[in-house]
Amino acid sequence: MRGSRPARHRAAPRRRAARFLGGIAAHLLTIGIARFAYTPLLPAMQAEAGLTQQGAGLLGALIYAGYLSAVLLLAGLRDPMRRLAVFRACLVLAVLSTAMMGLASHPWLWAVSRYLGGLSGAGGMLLAAEFILGWLRRNDARPDLGPHFMGLGLGICLSGLVVLLLGPHLGWAGLWGVFAGLAALLLPVAWTLTPQPEADAAPPAGQRKPRPAPGARRWFWLFGAGYLAAGWGYAVGATFCVDILAASGHGGGTAAAAWIILGLANAAGAMAGSVISRWFGLAPVLFGAMALQALSLAGLAAGGGIVFAYLSAILFGAAFVVVVALSLLLAGLRMPGASGQEMARMTLLYGTGQILGPLATAELAARSGSYAPAPRGDHRRHGRVTMAAAALRFETPASLPVERLLVGKPAEAAAELLPRIFSLCRASQRLAIRMALDLPVAEADRSALEQDIARDHALFLGVLLPKALGLAPHPDPLALAGEVKDFVKDCPDFEGFLTDACPVSRVLAEIIARFPAGTAVTGALPLPSAERMTASAAIENTVVAQLPPFPLLRHVSARFGRGPLWRVLARVLALSSALPAPARPRQGVAVVPASRGLYAVEAARQDGRVTRFRRWTPTGHLLAPGGILEQSLATCPPGQAQVLLALLDPCQPVALKEAHDA
């Protein structure tokens with residue numbers, strides 16, 4: 001019998017490597033793709049698909065709701081063969097949930113996908129670890145899951161690499177398609193190489209279950225409270241790491257690279273935690289990892305430059321996997337007779353923190369417009385903003401009683417009067433009221449709209465904007481469209497364009513000089529829709545809403561934030577881009593493009609006379625509570641508030657004043 005054991009151990013390294021490869025493939029599929037692909041794709045989905053900050057938090061919470069569902073299922077499922085069936089079902093769900101994300105931009109589809117992605121992630125990760133650990137014990141190998149948990153970090157790297165390499169060339173839906181293809185390739189590897197569990201053997205007659213250690217229940221709840229807090233912190237970092245970096249100006253390639261480095265640190269941390277715990281013990285290493293995780297999250301929120309951002313990502317990646325691995329191991333050791341159930345209950349607490357974390361963080365970020373902590377004394381409400389230098393509030397004159405001027409007039413007379421009341425966007429106003437009242441629209445009206453908007457963009461970029469920035473005006477502003485034509489099509493070297501002699505280049509470079517990355521920025525406000533346009537809530541009703549998802553806009557949003565550069569650049573791109581078609585989303589409502597965004601009118605007539613009239617303008621949404629102006633002022637550099645106002649270009653007078661009672 002002894003002579004056969006050496007041959008068995010000589011074969012073990014190859015067999016063990018194959019089993020670990022199956023576990024790593026399961027991690028890459030269920031965690032790296034089904035769960036973690038969402039994180040580096042979050043900025044692109046917000047910029048291109050209209051995903052809001054609250055929506056992002058909800059999807060993040062649904063991931064963890066799925067995770068929690070899987071843990072609850074596994075906590076009550078004892079039969080090994082059924083657990084194997086659940087594991088393989090999780091592998092299939094990982095592929096399907098990933099493919100669902102790119103099919104359409106329906107929130108309910110995304111919600112179902114993220115729930116299934118979280119479910120498959122938890123089931124795939126935990127069951128693969130269980131099966132590998134059981135296989136190691138059955139084959140007299142040292143129980144060590146370090147190589148298996150390296151797959152979690154490698155999965156993070158995979159998601160980051162795909163976005164970093166293909167993000168500039170594919171939109172958000174295309175990237176999800178790539179991830180679905182990779183998931184399909186990993187499925188057979190994880191299915192065949194992950195070891196299968198053995199059926200339960202009947203316990204010997206009269207054998208008693210081991211009793212819990214004294215004080216085990218009290219220890220569980222005290223330790224579990226800390227583990228819940230660790231889950232909260234992990235969920236915030238894992239869900240919003242890339243978005244935090246992008247909103248801080250460290251986006252684009254930097255943010256994706258930080259996500260990749262996080263994954264590499266995670267893979268290294270899995271092995272390092274296993275090795276170091278042999279020297280110093282489980283508890284000291286665990287508490288040290290928890291401290292590092294808290295420190296890394298504070299670093300992500302505080303900013304401090306690219307190097308500091310990378311360091312924070314490295315610390316976070318290395319720490320959280322050690323926290324998970326050692327916490328579950330300690331839980332199992334404290335309850336030797338029911339280690340699986342104890343680890344499942346501990347995971348439920350961790351999952352609870354994972355659900356609460358993204359929801360709270362997204363709501364705070366949406367309200368403040370930033371992930372960074374506010375300066376002491378900072379508050380914002382009703383158009384009042386406290387800055388480091390002074391408290392500012394903005395005031396606007398009373399609106400004209402447009403409704404009273406139009407209601408009761410003949411429809412044709414009202415349609416002629418509206419564009420004469422205001423000196424701006426006359427073609428947009430004329431077309432909108434005629435469409436809303438179902439009056440005839442001539443081709444000349446549509447041509448006038450295009451000419452009106454093109455002229456406004458050219459005058460803004462060539463005359464008004466240079467004047468606000470202290471630059472010389474363009475000698476022929478109407479020629480700007482021709483100068484930026486090639487720039488609109490591709491512009492692979494944006495930084496090179498900024499040093500060009502083109503007047504637009506000088507304007508954009510001056511904006512960057514006055515508003516560095518991460519300043520005067522907003523959160524990801526919802527894009528206009530038929531319902532949002534006819535409300536007064538804060539939305540991204542700017543020229544950005546008229547454009548397709550240009551890669552250049554994604555690049556600038558990720559690197560500099562959604563600030564003055566991003567919105568002015570949209571007007572540059574609009575010079576040579578087709579306008580969106582005017583629309584009538586429902587009876588009596590018309591939405592048409594305008595120079596600053598989209599313009600909506602709701603009107604009705606009876607017996608040839610106007611009976612109802614309302615309008616919604618880009619400036620109205622700009623000035624809404626919690627809107628673009630309020631959020632932008634919150635992080636505006638001192639002394640640049642008036643310049644910011646000129647760049648945002650409201651169509652009515654806006655006065656900025658110090659609020660002495662702030």
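None of these values were measured; they are calculated from a predicted model. (Residues numbered from 1 in each chain as written. Predicted model: local features only at pLDDT ≥ 70, side-chain atom pairs only at ≥ 80, totals over all residues. Heavy atoms only, no water.)

1. Some details on the overall build of the protein chain
- Across its full length, the protein chain carries 26 helices and eight strands.
- Across the 662 residues in the protein chain, those meeting the buried criterion constitute 53%.
- Counted over contacts in the protein chain with a minimum sequence separation of 6, partners at least 24 positions apart contribute 75%.
- Surface accessibility of the protein chain: about 28300 Å² in total, with carbon and sulfur atoms responsible for 62%. (Helix = DSSP H or I, 4+ residues; strand = E, 2+ residues; numbered from the N terminus. Buried < 20%, exposed > 50% of the residue type's maximum accessible area, 1.4 Å probe, protein only. Contact = heavy atoms within 4.5 Å. Areas by Shrake-Rupley, 256 points an atom, 1.4 Å probe, with all protein chains shown as cover.)

2. Overview of the nonpolar core
- With 78 residues, the main nonpolar core has Tyr38, Met45, Leu51, Phe87, Trp176 and Met346 as its most contacted residues.
- If you look at the next biggest cluster of nonpolar residues, it comprises 50 residues, including Leu508, Ala520, Leu547 and Leu629. (Core = buried A, V, L, I, M, F, W, Y, C linked by side-chain atoms within 4.5 Å.)

3. A closer look at helix H16 (residues 443-469)
- Spanning 27 residues, H16 covers 38 Å between terminal C-alpha atoms, matching the ideal 39 Å at 1.5 Å per step.
- At Phe460, H16 shows its largest bend, some 40°. (Expected span 1.5 Å × (residues − 1). Bend = angle between axes of the 7 residues up to and from the residue.)

4. Considering the pairing of strand E4 (residues 583-586)
- Inspection of the sheet shows E4 paired to strand E5 (residues 589-593) by two bridges, in the antiparallel sense. What sits directly across from Arg586, in E5, is Val589.
- As consecutive antiparallel partners, E4 and E5 are separated by two residues, and within that stretch Gly588 has a phi angle of approximately 85°, a positive value. (Pairing = 2+ DSSP bridges.)

5. Examining the pairing of strand E6 (residues 598-606)
- With respect to burial, E6 is a largely interior element, seven of its nine residues being buried.
- Sheet topology note: the E5/E6 ladder contains five bridges and is antiparallel. Each residue of the ladder has a partner; that of Val589, found in E6, is Glu602.
- Hairpin geometry of E5 and E6 is characterised by an intervening segment of four residues between the two adjacent antiparallel strands.
- Counted along the chain from E6 to the antiparallel partner strand E7 (residues 609-616), the turn is two residues long, and its residue Asp607 has a positive phi close to 55°.

6. What to know about the sheet that holds E6
- Strand order across the open sheet formed by four strands is E4-E5-E6-E7, with antiparallel pairing between neighbours. Because the sheet does not close on itself, it has two edges, and the strands there are E4 and E7. Pairs of neighbouring strands in the sheet enclose a mean axial angle of 25°, with direction left out of account.
- Set on the sheet, helix H14 (residues 411-421) makes contact with E6 and E7; between it and E7 the angle comes to about 30°. (Axes fitted to C-alpha atoms, helices over the stretch in contact; angles between N-to-C directions.)

7. Notes on a nonpolar patch on the surface
- A surface patch of nonpolar side chains, amounting to about 250 Å² of accessible area, comprises Val92, Leu96 and Trp191.
- Mapped onto the elements, Val92 comes out in helix H4 (residues 80-101).
- Assessed through its relative accessible area of 34%, Val92 is described here as partly exposed. (Patch = residues over 30% accessible without salt bridge, like charges linked within 9 Å, V, L, I, M, F, W, Y side chains within 5 Å. Salt bridge = Lys/Arg side-chain N within 4 Å of Asp/Glu carboxyl O.)

8. Some points on the packing of H14 against helix H15 (residues 426-436)
- Two elements in contact, H14 and H15, have axes separated by 8 Å at closest approach and are oriented at 160°. As the angle between them shows, H14 and H15 are arranged roughly antiparallel. Crossing handedness for the pair H14 and H15: right-handed. In this structure, H14 uses Glu412, Ala414, Ala415, Glu416, Leu418 and Pro419 to contact H15, whose residues at the interface are Arg426, Gln429, Arg430, Ile433 and Arg434.
- Looking at the contact of H14 with H15 residue by residue, the classes come out as five nonpolar, one polar and five charged. (Parallel < 35°, antiparallel > 145°, perpendicular 65-115°, else oblique. Left-handed = near helix turned anticlockwise from the far one by under 90°. Nonpolar A, V, L, I, M, F, W, Y, C, P; charged D, E, K, R; others polar.)

9. Describing unusual backbone geometry
- The residue Asp438 is not glycine, and still its phi comes out positive at about 60°.
- Looking at the secondary structure, you find Asp438 in the loop between H15 and H16.
- Of note in this structure, Asp607 is not a glycine but carries a positive phi near 55°.
- When its relative accessible area of 76% is taken as the criterion, Asp607 is described as exposed.

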